[in-house]
Amino acid sequence: MALANIAYLMSDCGLNVLVLDWDLEAPGLERFLFNKPREIENALMHKGLVDMLLDYKNALLNFRPEEEKPFFPPYQISDYIIPIVTPRRSLGSLSLLPAGERAHKKFAEYSNKVKLFDWQDFYQNWEGEIYFEWLREELENQCDVVLIDSRTGVTEMGGVCTYQMADVIVMFSIASDQSIDGTLRMLKSFSDPELPDLRNGRKLKTIVIPSRIEQISQIEILNAFREKFSQLFGEYLSDELSTESNFFLNHEIPYVPRYAFEELVAVKQTNTALRAKQLEDAYKQLLITLSNTTSQDSILRRKIYQEYKATEVSELESQILTSQTIVKRKSLTVDESGILENHYESLIKAITKGRIVPFLGSDINLCDRSNQGNGALESWQPGCPFPPSGKELAAYLAETFVAPISKHRLDVGCESLPYLSQYAYLTQEGELYDKLHLLALGCQPNRLHKFFATLPAIMRDKGYYPPYPLIVTTNYDCALEQAFEDENEPFDLVFYSNALDAQEQDKFIHRRPNGDLQEIRDPNQYEGFSFEQRPVILKLYGTADQIPEGESLVITEEHYLEYLVSRDLSNLLPAKLLKKFRAQRPTMLFLGYPLGDWNERIILHRIWQNLTSRKRYRWWAIQSNPEPFAQKLWQSYSVVLHDIPLADYITELNKRLRDIADKGNEGYE
């Protein structure tokens, strides 16, 4: 019942939640997750975990290796999952992977399947460990959070669930010696120092929660129980939880007869009686504690913080009246400290595993600019050795082309680069492209450009590359390419071209390291580059150094509308690049991308809808002194924003990457 309450709360916070019924001997989550008898009946008729395991065994039994390809289960996990209709206020989703098909006469068949399933044989003869690692990753790709209902781990099936699948185990103990002793024995087994070695280095966190605690009568007995509970389980609290005083008192799940007898899901009820509110607050506190066991940038932590950070203490505080004392439940709190340590650690792992996709915006060109003494940075002018930011380019076009435009229109926000480019294009098309060609001349790289140019050699020397990364940019200048050339690091350049000739179709063009150009006419079949050989730079809006060759840029309002609204990028981009975006656990890092103009947000929208899988995994943005509007926008895309100057950030990241050990001597395998 606690799992069902937590699942609904997570869904209300905007998380995509999958509930897995692993309690195969006594399944029944359907009763808590569905409201109508017909819905419960349909769930009982649906295939589930047991059926999925047997389907895998049957497929493997008939498998014939071809070209030494590895075997993967020939089914989609989604075939075994049942969507659950959540309340209107829910921003996320909720679904169930049931225990197995067991309606009516099928129950006897289900029972035999569970009894006869040999878990030891499954591991020894059916690649069980590999299968469950595959299953774990597949479930992660289906949703943001997986909640598993399982026995404590004494049984073989419970052991598989807790030891291999779980990241955090929540154990509920009632106020009886038998329950406490059993919980303590299992907790000790989960604390075995050799356990991480059996889990490929993954730590297993545990939380023990006192549950169904009667809080009105027998206050002396209750206080004695609380003291005993704290003494027995206090030493097993993890570091992030042990600093909280009265942890177990603050996390007690109270005994409420109505909800115990009828087994109702408290957070689904509209009844606002004191007891229901008290129970709901207890589950909310547990949810926040669960979020605080995850990394600073986890989607669970972000969503929970967004949901509860503004809640008043008085609204969440529950008072428990007794004959001798008043106990106040601690107000719900979320850790909001902006610690970068976890970010750097996670990012470096993503870089070494080839999952990182840097996304570079125009403000990277402000990195390393000298300070003029009044807080302003050295500004760009035509002839400068370094390229301009988007705002600087817009200001230059305003000076050059928009004398007829009233000062008032500029003041009210029409000075954006697409607007000004559109004006110049309609009035002086040829001169606009002559001016934009200047961008190809200012190519002096800064430390951020140089970082990405030196990254392949650093990772290659340490044994991590290939595969090499994909670097995406919306900039027109050639500073990044120049940095690679300065380092003698070969790269492939793929850039967009909306040719000036209206008869030509939009396309991407591939420039090889030797300078040869190849039009990508068939994106799905194009094999002209390989991430096993060298990195690829993708310029989504075109490149300024190709303007004299008759190629154009995506820069005017009409260009953006045609390219980002009327076109489907997934039909234009080479399949190999799309695969990088859609890879398992892709990691996007947005640098110098201020999210100011509408065109910048459209490309993000396209990436989210067309280029990535449903599962988003650790996406970050680095921006110094972001505007409140930008913070809200990043938050709406579930991107973690770190407020730090780009120069400082890239210097620290570069130092950390150079300090990591060679592959095989470090835990980034």
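Here is what the cut-offs are and how they apply
- Residues numbered from 1 in each chain as written.
- Predicted model: local features only at pLDDT ≥ 70, side-chain atom pairs only at ≥ 80, totals over all residues.
- Heavy atoms only, no water.
- Phe/Tyr/Trp six-rings, centres within 6.5 Å; stacked < 30°, edge-to-face > 60°.
- Helix = DSSP H or I, 4+ residues; strand = E, 2+ residues; numbered from the N terminus.
- Buried < 20%, exposed > 50% of the residue type's maximum accessible area, 1.4 Å probe, protein only.
- Lys NZ or Arg CZ within 6 Å of the ring centre and 35° of its normal.
- Salt bridge = Lys/Arg side-chain N within 4 Å of Asp/Glu carboxyl O.
- Pairing = 2+ DSSP bridges.
- Axes fitted to C-alpha atoms, helices over the stretch in contact; angles between N-to-C directions.
- pLDDT = per-residue confidence, 0-100.
- Contact = heavy atoms within 4.5 Å.
- Parallel < 35°, antiparallel > 145°, perpendicular 65-115°, else oblique.
- Left-handed = near helix turned anticlockwise from the far one by under 90°.
- Nonpolar A, V, L, I, M, F, W, Y, C, P; charged D, E, K, R; others polar.

Draft legend 1. Representation of the packing of aromatic side chains. What the rule picks out here adds up to 30 aromatic pairs. Their ring planes at 45° and their centres at 4.5 Å tell us that phenylalanine 229 and phenylalanine 233 sit as a pair that is tilted. Of this pair, phenylalanine 229 and phenylalanine 233 both sit in helix H11 (residues 219-233), four residues apart, which is roughly one turn of that helix. The exposure class of phenylalanine 229 is buried, given its relative accessible area of 1%. The ring of phenylalanine 117 carries lysine 57 above its face, with NZ or CZ at 5.4 Å from the centroid.

Draft legend 2. Structural detail: the pattern of salt bridges. Following the criterion strictly, the structure yields 20 salt bridges and no others. With a closest N to O distance of 3.3 Å, arginine 136 and glutamate 140 form a salt bridge. Here arginine 136 pairs with glutamate 140, and both are found in helix H7 (residues 128-142), just four residues apart, close to one helical turn. You'll find arginine 136 and glutamate 140 in the same group, each marked buried. A salt bridge links lysine 349 to glutamate 345; the shortest N-O distance between them is 3.7 Å. Taken together, the positions of lysine 349 and glutamate 345, both in helix H18 (residues 341-352) and four residues apart, correspond to about one turn of that helix. Here lysine 349 falls in the partly exposed class, since its relative accessible area comes to 31%. The exposure class of glutamate 345 is partly exposed, given its relative accessible area of 38%. Through salt bridges that share partners, Asp51, Lys106, Glu109 and Lys113 make up one connected network.

Draft legend 3. Spatial organisation of the sheet that holds strand E4 (residues 145-149). Taken together, the four strands give an open sheet; going across it, the order is E2-E3-E1-E4, and neighbouring strands pair in mixed fashion. Looking along the sheet, the strands with just one partner apiece sit at the ends: strand E2 (82-84) and E4. Taking the axes of each pair of neighbouring strands and ignoring which way they run, one obtains an average angle of 25° across the sheet.

Draft legend 4. Quick peek at the confidence of the model for the protein chain. Across the protein chain, the average pLDDT comes to 77, with 76% of residues at 70 or higher. The least confident element of the protein chain, judged by mean pLDDT, is strand E8 (residues 319-321) at 31; the most confident is strand E15 (residues 536-539) at 95. With pLDDT under 50 throughout, residues 310-338 is counted as low confidence; its partners more than four residues away or in other chains account for 59 contacts. Every residue in residues 404-414 scores below 50 in pLDDT, and together they form eleven contacts with partners more than four places removed in sequence or on other chains.

Draft legend 5. Molecular detail of the pairing of strand E13 (residues 507-511). Within E13, five of the five residues are buried, which leaves it mostly tucked inside the rest of the structure. Every second residue of E13 is oriented toward a common face, with Lys507, Ile509 and Arg511 on one face and Phe508 and His510 on the other, all of them buried. One ladder, built from five bridges, connects strand E12 (residues 492-497) with E13; its direction is antiparallel. Counterpart to tyrosine 496 in the pairing with E13 is phenylalanine 508. Across four bridges, E13 lies against strand E14 (residues 517-520) in antiparallel orientation. Bridging across to E14, arginine 511 finds its partner in leucine 517.

Draft legend 6. The packing of helix H4 (residues 49-61) against H7, seen in detail. Between H4 and H7, whose axes approach to 13 Å, the crossing angle comes to 125°. In terms of orientation, H4 lies oblique with respect to H7. The interaxial crossing formed by H4 with H7 has right-handed handedness. Facing Met52, Leu53 and Tyr56 of H4, the residues of H7 in contact are Tyr131, Phe132 and Leu135. For the contact of H4 with H7, the class distribution of residues is six nonpolar, no polar and no charged.

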